[in-house]
Amino acid sequence: MKRPGSQAQKGTLVIRLKNEKQMAGIKASCRLLSDMYAELRPRIAAGVTTGELDRFAHAYIVEHGGTPAFLNYGDRSNPFPATLCVSINEEVIHGIPGNRVIRPGDVVGIDSGIELGGFYSDAAFSVAVPPVAPETEKLLRVTRECLERAIAAVKPGARIHDVSRAVFSHARANGFGVVRQFCGHGVGFSQHEDPQVPNYVGSGPNPRIVPGMVIAIEPMINAGGDGVAELDDGWTIVTLDGSASAHFEHTVAVTATGVEVLTAW
Ligand code: MG
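Residues numbered from 1 in each chain as written. Predicted model: local features only at pLDDT ≥ 70, side-chain atom pairs only at ≥ 80, totals over all residues. Heavy atoms only, no water.

**Student:** Teacher, can you tell me more about the coordination of the magnesium ion here?
**Tutor:** For the magnesium ion, the protein coordination sphere consists of Asp-122 (OD), His-185 (NE2), Glu-218 (OE) and Glu-249 (OE), at 2.2 to 2.3 Å. Counting along the primary sequence, the residues that act as donors to the magnesium ion give the motif D-x62-H-x32-E-x30-E. One end of the pair, Asp-122, is in strand β5 (residues 119-128); the other, Glu-218, is in the loop between β9 (214-217) and β10 (220-222), and 96 residues separate them in sequence. There is no split in this pair, since Asp-122 and Glu-218 are both buried. (Donors = N, O, S within 2.8 Å, 3.2 Å for Na, K, Ca; no water. Helix = DSSP H or I, 4+ residues; strand = E, 2+ residues; numbered from the N terminus. Buried < 20%, exposed > 50% of the residue type's maximum accessible area, 1.4 Å probe, protein only.)

Put into structure tokens, the structure is as follows:
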């Protein structure tokens, strides 16, 4: 989701570390999100509307005591209107669910976040609806591998750019585009916190990774070029060249010895 204006002064990083008790709260939020995804995943099929998926997710989260964190997120003049972002084919992220019917061969990206007991989670996944073209299969596999490699780069003493590099190099090695305008982020006390976790190595802040950090890592990888554009709904991001895009995201916690994936399912 789009980050609201940072309260911190430009160039000032405010990374809020989580203690054990706070970590337990974040884990509970992440568990609810994972459980919801496990129930949602089999419902993604040809003939289903994106709005049906959204209504299922909303009901599940609310029934389990959570609050859909994406719903009404953002600028008051154009808040995000749904629980899930559902982004299909050339849509990269922030697709708005509605009457669109999922069709055979579609790449369906799902992204959501939950607030539970004051703690936030964030995760995303992409699936292809059969029949799946080999190039689609490869896009999904490589994007998932980008996330796995990025998570493997998370350990105390490493830096955020090590995570970025893991995503970028694997995507490029496979000839894919990497979205630069949106990135991963700290999460836990709110939906988006410092630090930013880009999917490429730029000139931005490169903080050291320390225990107590919680970050959402989210490679957005395009079958074609890097470029993206925003539709006039003010939310949906699409690839500039119309190529398909995939998105996988986990919330992870930095531990004393490495990393723990909190949104595994
Ligand atoms: Mg995110």
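**Student:** What exactly am I supposed to notice about the side chain of Ser-112 here?
**Tutor:** Tracing the backbone shows Ser-112 in strand β4 (residues 107-116). From its side chain, Ser-112 meets the backbone oxygen of Thr-83 in a polar contact 2.9 Å long. Not counting chain neighbours up to four residues away, the residues in contact with Ser-112 comprise Leu-33, Met-36, Tyr-37, Phe-70, Thr-83, Leu-84, Ser-121, Asp-122 and Ala-123. (Polar contact = N/O pair within 3.5 Å; in protein donor to acceptor, adjacent residues only side chain to side chain. Contact = heavy atoms within 4.5 Å.)

**Student:** Looking at this structure, how should I read the packing of aromatic side chains?
**Tutor:** Tallied over the full model, the rule gives six aromatic pairs. Ring centres of Tyr-37 and Trp-265 lie 5.8 Å apart, and the angle between their planes is 55°; on these two criteria the pair is classed as tilted. A residue pair is termed long-range when its members are at least 10 positions apart, and Tyr-37 in helix α1 (residues 20-40) and Trp-265 in the segment after β15 (259-261) qualify at 228 residues. By relative accessible area, which is 43% here, Trp-265 ends up partly exposed. A centroid spacing of 6.4 Å and a plane angle of 45° characterise the contact between Phe-119 and Phe-189, whose relative ring orientation is tilted. On the criterion of sequence distance, the pair formed by Phe-119 in strand β5 and Phe-189 in the loop between β7 (184-186) and β8 (193-197) is long-range, its members being 70 residues apart. The buried category is assigned to Phe-189, whose relative accessible area is 18%. Members of the aromatic cluster, connected to one another through ring pairs, are Tyr-37, Phe-125 and Trp-265. Of note, Lys-18 hangs over the ring of Phe-189, and the distance from its end group to the ring centre comes to 4.7 Å. Between the NZ or CZ atom of Arg-180 and the centre of the ring of Tyr-200, over which it lies, the distance is 4.7 Å. (Phe/Tyr/Trp six-rings, centres within 6.5 Å; stacked < 30°, edge-to-face > 60°. Lys NZ or Arg CZ within 6 Å of the ring centre and 35° of its normal.)

**Student:** Sorry if this is basic, but what is going on with the sheet that holds strand β3 (residues 91-93) here?
**Tutor:** Strand pairing in a sheet relies on backbone hydrogen bonds, with the paired strands running either antiparallel or parallel. Here we have three strands laid out as an open sheet, ordered β3-β12-β11, and antiparallel in their pairing. Two strands lie at the open edges of the sheet, namely β3 and β11 (228-230), each paired on one side alone. When strand polarity is set aside, the average angle formed by the axes of neighbouring strands in this sheet is 40°. Across three bridges, the pairing between β11 and strand β12 (residues 237-239) is antiparallel. Residue pairing across strands places Glu-230 opposite Ile-237, the latter belonging to β12. (Pairing = 2+ DSSP bridges. Axes fitted to C-alpha atoms, helices over the stretch in contact; angles between N-to-C directions.)

**Student:** Looking at this structure, how should I read the pattern of salt bridges?
**Tutor:** A pair can form between side chains of opposite charge whenever their charged atoms are brought close. Tallying each qualifying case throughout the model produces eight salt bridges. One salt bridge connects Lys-18 with Glu-193, and the closest N-O pair in it is separated by 2.7 Å. Of this pair, Lys-18 sits in the segment before α1 while Glu-193 sits in strand β8, and the two are 175 residues apart along the sequence. Taking the relative accessible area as the measure of exposure, Lys-18 reaches 7% and is therefore buried. With its nearest N and O atoms 3.2 Å apart, the salt bridge here joins Glu-145 to Arg-141. Taken as a pair, Glu-145 and Arg-141 lie in helix α3 (residues 134-152) at a separation of four residues, close to a single helical turn. For Arg-141, a relative accessible area of 37% puts it in the partly exposed group. Sharing partners across several salt bridges, the network here consists of Arg-172, Arg-180 and Asp-226. (Salt bridge = Lys/Arg side-chain N within 4 Å of Asp/Glu carboxyl O.)

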